[in-house]
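Inside the fold
Listed below, chain by chain, are the residues.
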Amino acid sequence: MPSNSELAAIFNTIADILDIQGANVFRVRAYRNAARVVEQLSEPIGELVVRDPKALDRLPGIGKGLHEKIVEYCQRGTITEYEELKGSLPAGLLELLNIPSLGPKRVKLLYETLGITTVEALEAAALAGQLRGLPGMGEKSEAKILKSIREYRSLHTGRVQWAVAEAVLTPYLAHLRGVGGIRELEPAGSYRRGRETVGDLDVLATTRGSPADVIAAFTEYKEVKDVLAQGDTKASVVLQGGLQVDLRVVPPGSFGAALQYFTGSKEHNVALRSRAKEYGLKLSEYGVFREEKMVAGRTEEEVYAALELPWIPPELRENRGEIEAAAMRALPRLVERGDIQGDMHVHTTASDGALDIRGMVKVARARGYRYLAITDHSKAVAIAHGLDEQRLRAQIKEIRAIRRELIDFDLFAGIEVDVLRDGSLDLSDEVLGELDFVVASLHFSTELSEAEMTRRMIAAIEHPFVDCIAHPTGRLIGERLPYAVDMNAVIEAARAYHKALEINASPHRLDLNEQHADMARRAGVPVCINTDAHCELELDNIRFGLTVARRAWCTPDDVLNTWSAAKIREWRARRRR
Ligand code: DGT
Ligand code: CA
Ligand code: CA
Ligand code: ZN
């Protein structure tokens, strides 16, 4: 299927290659411009081309040549010139362009002088000190390139965000449910365990009919790009977009054992198998066996029960003590959706949100919530039309007035206040003191040293009016590394000052991540699962944040927004005394 962002990426890559080849600057610029134009289209390019081919010519800077290339892309899924240009370069060279701090000019220089065509060769040359001495490069640029390579590797792991996997898998499963005779159909693997990213998808099915029908529907799905393997009861495919999916059709009597096995993790399975051995049992993907006799396998509950264990939630299956806890009947009662009573970080039209205060209240109530904290941006975030003292005072008044009208629903007057470069806050103490909930976050000057970033964050935690630190590390999964910040020190400060830390539930953020959330829980620091919603649908991101909390072993008590509004107000008041 044609996609605007894929076409934009193709145009940008063409420009990069032409740049490396030293082509005419105007030609290069035309492709970069076309990439930008396509990226910003509000309509899918494939639909536009069909609906109104002439519309292409009205786009700024799209001449006849580019017009033809867009049509070619929509018809063939690629562009001949692009394929040829790619073929003209040594393999690997294009990957070098993805390294931040390396533009086409540098890639060309490295290739022509040192013959570097891969990330590995670049790293070796930098480590050997071969880059200094090249025109415009010194020891500093060498160190910078090494740092960029490390960043590139930790961001480009070949894994996809859980929510992206969900968006791909949901319609696929719906398609498979349409197969006659299908009974169970469950995703397993890291997806079922709720890991923040997923390597590949593993799906299990049982059927009353023929497994071949299920396999056929699986491999013939419209989004399948390649079929890697296809047998009588299993198959593997790669979808458009690159995600691999493995399907197994298993006998109904083994479904529980297979689901257990393929949910993993591998480490959990290894520990579980050795427990089985101690009981004189054999555990496999087919069932639990004593000698040759199968004693369990139909359901997961049965499999765990055969090992004298209660069922263990998939999020805990990482061999981090869950089997021991289960054996002692001491598994935590993990927080779940029904425990969440409100959201303590949402935006309205006062800053960059889509709904006004009443609108947000309405959609929060529709989700069964009992309260909401309105936390628009403060003035430092000028691009989001952040609030200054005067506008915030007016908003507090408005919130108080609406609060009085509401029955069985509490409204917190709040703010997402920026922590400035020196650790001070972006609004005066007078106005902050009037609020019911203060979320503090760092949006600017985030390139400071670890010591400075940590000092800033702790200064915010120490501030008497701050209640919670939002997205504490600033990372964007696969896009931006966390700030340099000492999370041990931050969590210790939050403990000492009785402050909460946010699990930002945006699927791009998940920040705190599960390790940090676990550290916070152990330290007795309440975590607050917030969506940071800017519109109605983003409120439903709460489920992604819940998964992080569950993988961090959080019970409802550990999560601030499972408490009643009265308890949250009391928690703040106690701190002030
Ligand atoms: P991923 O795909 O990298 O995000 O992670 P998983 O956990 O989904 O791993 P995957 O797809 O390689 O395998 C799915 C499950 O199958 C895994 O969680 C446990 C099980 N499994 C795979 N290989 C082994 C193995 O060698 N031993 C055991 N005990 N289990 C395995
Ligand atoms: Ca997997
Ligand atoms: Ca797999
Ligand atoms: Zn926010």
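Further remarks concern the sheet that holds strand E6 (residues 234-239). Adjacent strands of a sheet pair through backbone hydrogen bonds, lying either parallel or antiparallel. Spatially, the 5 strands line up as an open sheet ordered E2-E4-E7-E6-E5, and their pairing is mixed. Pairing within the sheet leaves two strands with one partner each, and these edge strands are strand E2 (182-187) and strand E5 (224-230). Within this sheet the neighbouring strands show an average axis-to-axis angle of 20°, counted without direction. As paired elements, E6 and strand E7 (residues 244-249) share 5 bridges and run antiparallel to each other. By the bridge assignment for E7, Ala-235 is matched with Leu-247. Along the sheet face, helix H11 (residues 162-177) touches E2, strand E4 (201-207), E5, E6 and E7 and points at about 170° away from the line of E2. Strand contacts of helix H14 (residues 255-263): E2, E4 and E7, with the helix running at about 180° to E4, the strand carrying the most contacts.

In this section: the packing of helix H21 (residues 450-462) against helix H22 (residues 487-497). Where H21 contacts H22, the axes come no closer than 9 Å and their chain directions differ by 10°. By the angle between their directions, the pair H21 and H22 is classed as roughly parallel. Regarding H21 and H22, the two cross each other, and that crossing is right-handed. Judged by residue contacts, Thr-454, Met-457, Ile-458, Ile-461 and Glu-462 of H21 engage Ala-489, Val-490, Ala-493, Ala-494 and Tyr-497 from H22.

Let us now look at the packing of aromatic side chains. One pass over the structure, following the stated rule, counts 9 aromatic pairs. With centroids separated by 5.8 Å and ring planes inclined at 65°, the aromatic side chains of Tyr-371 and Phe-412 adopt a geometry described as edge-to-face. Of this pair, Tyr-371 sits in strand E12 (residues 371-374) while Phe-412 sits in strand E13 (residues 410-418), and the two are 41 residues apart along the sequence. Take Tyr-371 and Phe-412: they sit in the same class, and that class is buried. Each residue in the set Trp-162, Tyr-191 and Phe-544 is aromatic and connected to the rest through ring pairs, giving one cluster. Over the aromatic face of Trp-563 sits the side chain of Lys-567, whose NZ or CZ is 4.4 Å from the ring centroid. Lying across the ring of Phe-412, Arg-569 places its NZ or CZ 4.3 Å from the centre.

Turning to unusual backbone geometry, a few remarks are in order. Note on backbone geometry: most residues besides glycine have negative phi, and most peptide bonds are trans. Cis geometry marks the peptide bond from Gly-264 to Ser-265; its omega dihedral reads -5°. Looking at where Ser-265 falls in the secondary structure, it is placed in the loop between H14 and helix H15 (266-278). With an omega of 0°, the peptide bond running from Asp-511 to Leu-512 counts as cis. Within the fold, Leu-512 resides in the loop between strand E16 (500-504) and helix H23 (514-523). With a phi close to 40°, Leu-510 is a non-glycine residue in the positive phi region. Along the chain, the position of Leu-510 falls in the loop between E16 and H23. Note on Leu-510: relative accessible area 6%, which makes it buried. A positive phi angle is found at Asp-532, which is not glycine, with a value near 60°. Along the polypeptide, Asp-532 turns up in the loop between strand E17 (527-530) and helix H24 (542-551).

Here the focus is the packing of helix H1 (residues 4-20) against helix H2 (residues 25-40). Relative orientation of the contacting elements H1 and H2 amounts to 165°, with a least axis distance of 8 Å. In terms of axis orientation, H1 runs roughly antiparallel to H2. Read as a crossing pair, H1 and H2 show a hand that is left-handed. Counting all contacts with H1, which are made through Asn-4, Ser-5, Leu-7, Ala-8, Phe-11, Asn-12, Ile-14, Ala-15, Asp-16, Leu-18 and Asp-19, the residues of H2 involved are Arg-27, Val-28, Tyr-31, Arg-32, Ala-34, Ala-35, Val-38 and Glu-39. A breakdown of the residues in the contact of H1 with H2 according to their chemical character gives 11 nonpolar, 3 polar and 5 charged.

For the calcium ion (ligand 2), every protein donor is listed as Asp-200 (O), Asp-200 (OD) and Asp-202 (OD), and the spread of their distances is 2.2 to 2.5 Å. A spacing of 3.7 Å is found between the calcium ion (ligand 2) and the calcium ion (ligand 3), which share Asp-200 as a donor. The exposure class of Asp-202 is buried, given its relative accessible area of 14%.

Scanning the model with the defined rule gives 0 disulfides in all. Between Cys-528, a free cysteine, and Cys-468, which holds the nearest cysteine sulfur, the sulfur-to-sulfur gap is 4.9 Å. Cys-554 carries a free sulfur, and the closest cysteine sulfur to it, the one in Cys-528, is 12 Å from it. Residue class for Cys-554 comes out buried when judged on its relative accessible area of 0%.

Let us look at the pattern of salt bridges. Two side chains bearing opposite charge may form a pair once their charged atoms approach each other closely. Using the criterion set out here, one finds 41 salt bridges in the structure. Ionic pairing is found between Arg-543 and Glu-166, a salt bridge with its closest N-O pair at 2.6 Å. With Arg-543 in helix H24 and Glu-166 in helix H11, the pair connects residues that are 377 residues apart, well separated along the chain. Assessed through its relative accessible area of 36%, Arg-543 is described here as partly exposed. Exposure remark for Glu-166: the relative accessible area of 18% places this residue in the buried category. For the salt bridge of Arg-333 with Asp-339, the shortest nitrogen-to-oxygen distance reads 2.7 Å. Given the relative accessible area of 44%, Arg-333 is considered partly exposed.

How each quantity is defined
Residues numbered from 1 in each chain as written. Chains lettered and ligands numbered in written order. Predicted model: local features only at pLDDT ≥ 70, side-chain atom pairs only at ≥ 80, totals over all residues. Heavy atoms only, no water. Pairing = 2+ DSSP bridges. Helix = DSSP H or I, 4+ residues; strand = E, 2+ residues; numbered from the N terminus. Axes fitted to C-alpha atoms, helices over the stretch in contact; angles between N-to-C directions. Contact = heavy atoms within 4.5 Å. Parallel < 35°, antiparallel > 145°, perpendicular 65-115°, else oblique. Left-handed = near helix turned anticlockwise from the far one by under 90°. Phe/Tyr/Trp six-rings, centres within 6.5 Å; stacked < 30°, edge-to-face > 60°. Buried < 20%, exposed > 50% of the residue type's maximum accessible area, 1.4 Å probe, protein only. Lys NZ or Arg CZ within 6 Å of the ring centre and 35° of its normal. Nonpolar A, V, L, I, M, F, W, Y, C, P; charged D, E, K, R; others polar. Donors = N, O, S within 2.8 Å, 3.2 Å for Na, K, Ca; no water. Disulfide = S-S within 2.5 Å. Salt bridge = Lys/Arg side-chain N within 4 Å of Asp/Glu carboxyl O.

Note that all results are geometric; they support no functional claim without further evidence.
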